[in-house]
Amino acid sequence: MRHALVLGVVAAMAAAPWPHALAQTEDPVSAEFDKFREVLEKDNPAELWEVKGEQLWRTPGGPKKASLEKCDLGLGPGVVKGAYAQMPRYFADVDRVMDAEARIVHCMITLQGFTYAELAKAPFSSATRTPDPVSIVTYVAAQSAGMKFAAPQGHPKEKATYAAGKEIFFYRAGTFDFSCASCHGVDDKRIRTQPLPNFTKPEQAIRAVLGWPGYRMTGGVMHSLQWRLTDCFRQQRFPKPDYTSETLSALMTYVTVNANGQVYKGPGIKR
Amino acid sequence: MADPMKIRATLQGDVADVRVLMAHPMETGQRKQGDKLVPLHFIQTISAQLNGRTVFNADISQAISRNPVFAFKVKGAKAGDKISVTWTDNKGEKRSDETEVRAGS
Amino acid sequence: MQQTRRSVIKAGGALGLLAAFGTALLSPVRALAAWNKGAFEAKSTLDAMRALGVNNTEESKEIQIRAPDIAENGAVVPIDITSSIAGTSAILVFIEKNPFPYVGSFDVSQGAVPFVHLRVKMGETSPVRVVVTAGGKHYTSAKEVKVTIGGCGG
């Protein structure tokens, strides 16, 4: 029934002349989605969280009543511009690679006095609540809009983390004998109407990181890559990874480095 | 308290292109949380003023998407003019925000 | 209908008078421009139109509705509406297959261009019907938007 509808639409659209260049490389349904994605991106509710995140970044908070303005995102204390596009990266003070949200959570703990337990208790957005780190990472990410991804690979731990991320990406396990690569390691797969990008190819890897953090139309909530990848583990029927764990930073390192050199467009809007 | 709106007003000739993002759950009264229905909660009216004079009004239903986005165009505007937008919801809650009209690029 | 009420007020010059008294007096005026409960609670487009005093409509090609042929997500369907009909005062929107079809009215009679961008929830594939009020007459046009089910959260 559903397939019949989609196929019907595809047939109807294929018959109509299509003015967009996209149509040559994409199926008509995806082309229609892309056309209106531009419209949706032009005014993106994600901006509401950018504003909130900036406030949270600048306003003293937590038990220590400190702001996050001394937080070092890799480019020096308080430097936000461009930081997101150059993460995940190695941080000597914790001797590990951290993605943006992991680093923000680290700063909320060390500078503001929050505990990991309270921040990790319910770290993802619901219809009625957006956790502060999600708003903050949205603000931080927005300050890298228009910049090229340049996740560093100079430090041995950054290289090791990329290798670990790659291994996790191809690791098959669970009741479905599934890996990330089962869906995202080959060309031209789709779930229902959605094409699935092949993250092992640089030109498609960008789609793993582009548009995150993203305003998700389903439910109307703001989500970060921490949520997206955690949900991939659920979809694979894997055990849930710990919030801001090295596992998640490693996977993010793998997909971001694969997308290095391509332009980040800022927080996006997702299905 | 309701979160602030984000309003952008950009000049195109003497018309201000006004784009508004609102933070509101726009509950339809049909969504379940657990086994309970979340009650209707939605913006009902929107009005916009150019330098204090009403130029645009809307009455809307719960079918407007969560975190509403609207755009409209106001005639006879110039750079530096004030555009303010106010919404009121079915619980009587209200929010007003203001921005300055910017020259178009 | 609310439009009629506005023209009456304008004709009587009451608006200018009220403006002179400032905002304190404006709220009762706003209250008069009541949100049309009957129309919003109507379960069919026809009943909603009746409640709004829209009894006769004329098909018009001068109403442009830009909406996707197929929506990526029925929770957020972007719609641009532009009317080229001279004297357009209001734009009314109905999603015919929604449980409550009347989505809203946009009054552009006081200094706005006859254009609006909105984003709506659509429960299923449906015509998006637009009624434009101009010079006391009602014009209409519709565009079908297909709503399908998507993939995961990417």
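Residues numbered from 1 in each chain as written. Chains lettered and ligands numbered in written order. Predicted model: local features only at pLDDT ≥ 70, side-chain atom pairs only at ≥ 80, totals over all residues.

A.B. asks: Go over the overall build of chain C, please, and point to the residues and values.
C.D. replies: In terms of helices and strands, chain C carries 5 helices and 9 strands. Its helices and strands in sequence order give chain C the pattern α-α-α-α-α-β-β-β-β-β-β-β-β-β, from N to C terminus. Looking at chain C as a whole, 41% of its 154 residues are labelled buried. Across chain C, contacts joining residues at least 24 apart in sequence account for 63% of those joining residues at least 6 apart. (Helix = DSSP H or I, 4+ residues; strand = E, 2+ residues; numbered from the N terminus. Buried ≥ 20, exposed ≤ 12 C-beta atoms within 10 Å, placed from the backbone. Contact = placed C-beta atoms within 7 Å.)

A.B. asks: Let's hear about the overall build of chain A: which residues, and what values?
C.D. replies: For chain A, the helix and strand inventory stands at 11 helices and 7 strands. Rg of the C-alpha trace for chain A: 19 Å, near the compact-globule value of 18 Å for 271 residues, within the 12% margin. By sequence separation, contacts in chain A at least 24 residues apart represent 66% of the contacts at least 6 residues apart. (Rg over C-alpha atoms; globule rule 2.2 N^0.38 Å.)

A.B. asks: An account of the packing of helix α3 (residues 46–58) of chain A against helix α6 (residues 132–142) of chain A is needed here, citing residue identities and associated values.
C.D. replies: Residue and element names in this part refer to chain A. Contact geometry of α3 with α6 gives a least axis separation of 7 Å together with a crossing angle of 100°. With respect to their mutual orientation, α3 and α6 come out roughly perpendicular. Along the contact surface, α3 presents Ala46, Trp49, Glu50, Lys52, Gly53, Glu54, Leu56 and Trp57, while α6 presents Asp132, Ser135, Ile136, Thr138, Tyr139 and Ala142. In terms of residue class, the contact of α3 with α6 is built from 7 nonpolar, 3 polar and 4 charged. (Axes fitted to C-alpha atoms, helices over the stretch in contact; angles between N-to-C directions. Parallel < 35°, antiparallel > 145°, perpendicular 65-115°, else oblique. Nonpolar A, V, L, I, M, F, W, Y, C, P; charged D, E, K, R; others polar.)

A.B. asks: Can you explain the confidence of the model for chain C? Please cite residues and give values.
C.D. replies: All names here are of chain C. Scored by pLDDT, chain C comes out at a mean of 83, with 75% of its residues at no less than 70. Overall, residues 1–32 carries pLDDT values under 50, and its contacts beyond four positions in sequence, including any with other chains, amount to 15 contacts. The complex model carries a pTM of 0.86, and its ipTM stands at 0.96. (pLDDT = per-residue confidence, 0-100.)

A.B. asks: Could you give an account of the pairing of strand β9 (residues 94–100) of chain B, with specific residues and numbers?
C.D. replies: Residues and elements named next belong to chain B. Summarising the sheet, strand β8 (residues 82–89) and β9 pair through 7 bridges and their orientation is antiparallel. When the bridges of β9 are listed, isoleucine 83 appears paired with threonine 99. Between the end of β8 and the start of β9, which pair antiparallel, lie 4 residues, with glycine 92 showing a positive phi angle near 85°. (Pairing = 2+ DSSP bridges.)

A.B. asks: Quick one: what's the story with the environment of A:Ser179, residue by residue and with numbers?
C.D. replies: Its place among the elements puts A:Ser179 in the loop between α7 (156–170) and α8 (180–184). If near-sequence neighbours (up to four positions away) are discounted, A:Ser179 is found in contact with A:Phe169, A:Phe170, A:Tyr171 and A:Arg172.

A.B. asks: Residue-level account of the interface of chain A and chain B, with values.
C.D. replies: On the side of chain B, 12 residues touch chain A, which itself brings 8 residues to the contact. For the side of chain A that touches chain B, the class distribution of residues is 4 nonpolar, 1 polar and 3 charged.

A.B. asks: Quick one: what's the story with the packing of helix α4 (residues 100–110) of chain A against α6(A), residue by residue and with numbers?
C.D. replies: Residue and element names in this part refer to chain A. Between α4 and α6, the shortest axis-to-axis distance is 10 Å and the interhelical angle comes to 120°. Classed by the angle they form, the pair α4 and α6 counts as oblique. Pair α4 / α6 crosses with right-handed handedness. Together, Ala100, Glu101, Ile104, Val105 and Met108 of α4 and Pro133, Ile136, Val137, Val140 and Ala141 of α6 make up the contact between the two elements. (Left-handed = near helix turned anticlockwise from the far one by under 90°.)

A.B. asks: An account of the environment of A:Ser126 is requested, with residue identities and associated values reported.
C.D. replies: Inspection of the secondary structure assignment puts A:Ser126 in the loop between α5 (116–121) and α6. Along the chain, A:Ser126 and A:Gly219 lie 93 residues apart, while their C-alpha atoms are 8.0 Å from each other.

A.B. asks: Before we move on, can you summarise the confidence of the model for chain A with the specific residues and values?
C.D. replies: Residue-level pLDDT values for chain A average 90, and 90% of them are 70 or greater. Across residues 1–24 of chain A, confidence stays below pLDDT 50; counting only partners more than four residues off in sequence or on other chains, it has 26 contacts.

A.B. asks: Could you give an account of the sheet that holds strand β6 (residues 221–223) of chain A, naming the residues involved and the relevant values?
C.D. replies: Residues and elements named next belong to chain A. The 3 strands lie next to each other as β6-β5-β7, forming an open sheet whose pairing is mixed. At either end of the open sheet lies a strand with only one pairing partner, and these are β6 and β7 (268–270). Strand-to-strand, the axes of this sheet are offset by a mean angle of 35°, without reference to chain direction. When strand β5 (residues 214–216) meets β7, the two strands line up parallel, connected through 3 bridges. In the strand pairing of β7, glycine 214 is matched with glycine 268.

A.B. asks: Which residues make up the interface of chain C and chain B, and what are the values?
C.D. replies: Counting from both sides, the interface comprises 26 residues of chain C and, opposite them, 24 residues of chain B. Put simply, the parts of the chain that give the side of chain C that touches chain B at least two residues each are β6 (102–107) and β7 (115–120) of chain C. Here the side of chain C that touches chain B is built from residues that sort into 16 nonpolar, 7 polar and 3 charged. Two elements, strand β6 (residues 53–60) of chain B and β6(C), share 4 bridges in a ladder whose sense is antiparallel.

A.B. asks: Give a detailed account of the pairing of strand β8 (residues 126–134) of chain C, specifying residues and quantitative values.
C.D. replies: All names here are of chain C. Of all the 9 residues making up β8, 7 are buried; the element is thus mostly covered by neighbouring parts of the structure. Where strand β5 (residues 88–95) meets β8, 7 bridges bridge the pair, whose relative direction is antiparallel. When the sheet's bridge partners are listed, isoleucine 91 is paired in β8 with valine 132. Inspection of the sheet shows β8 paired to strand β9 (residues 137–147) by 9 bridges, in the antiparallel sense. Looking across to β9, one finds that proline 127 is bridged to glutamate 144.

A.B. asks: Talk me through unusual backbone geometry; I want residue IDs and the actual numbers.
C.D. replies: Residue A:Met87 is joined to A:Pro88 through a cis peptide bond whose omega torsion reads 0°. Its location among the elements puts A:Pro88 in the loop between α3 and β1 (89–91). Each neighbour pair has its own omega, and for A:Trp212 with A:Pro213 the value is -10°, a cis peptide bond. Along the chain, A:Pro213 falls in the loop between α9 (202–209) and β5. Positive phi is not limited to glycine here, since A:Asp95 has a value of about 50°. Using a count of 8 C-beta atoms within 10 Å as the deciding quantity, one classes A:Asp95 as exposed. A positive phi angle, close to 45°, is found at B:Met26, a residue other than glycine. When you line up the elements, B:Met26 lands in the loop between β2 (15–21) and β3 (32–33).

A.B. asks: Break down helix α10 (residues 225–235) of chain A for me, citing the residues and quoting the values.
C.D. replies: Residue and element names in this part refer to chain A. Every buried residue of α10 is listed here: Leu225, Gln226, Trp227, Arg228, Leu229, Thr230 and Cys232. Elements that come into contact with the buried residues of α10 comprise α4, α8, β6 and α11 (246–259). Two residues or fewer after α10 comes arginine 237, characterised by a positive phi angle close to 60°.

A.B. asks: Let's hear about the nonpolar core: which residues, and what values?
C.D. replies: Counting residues in each nonpolar core, the largest one holds 128 residues, and the members touching the most others are A:Val140, B:Val74 and C:Ile91. Top element by residues in this core is α11(A). It accounts for 8 residues. (Core = buried A, V, L, I, M, F, W, Y, C linked by C-beta atoms within 7 Å.)

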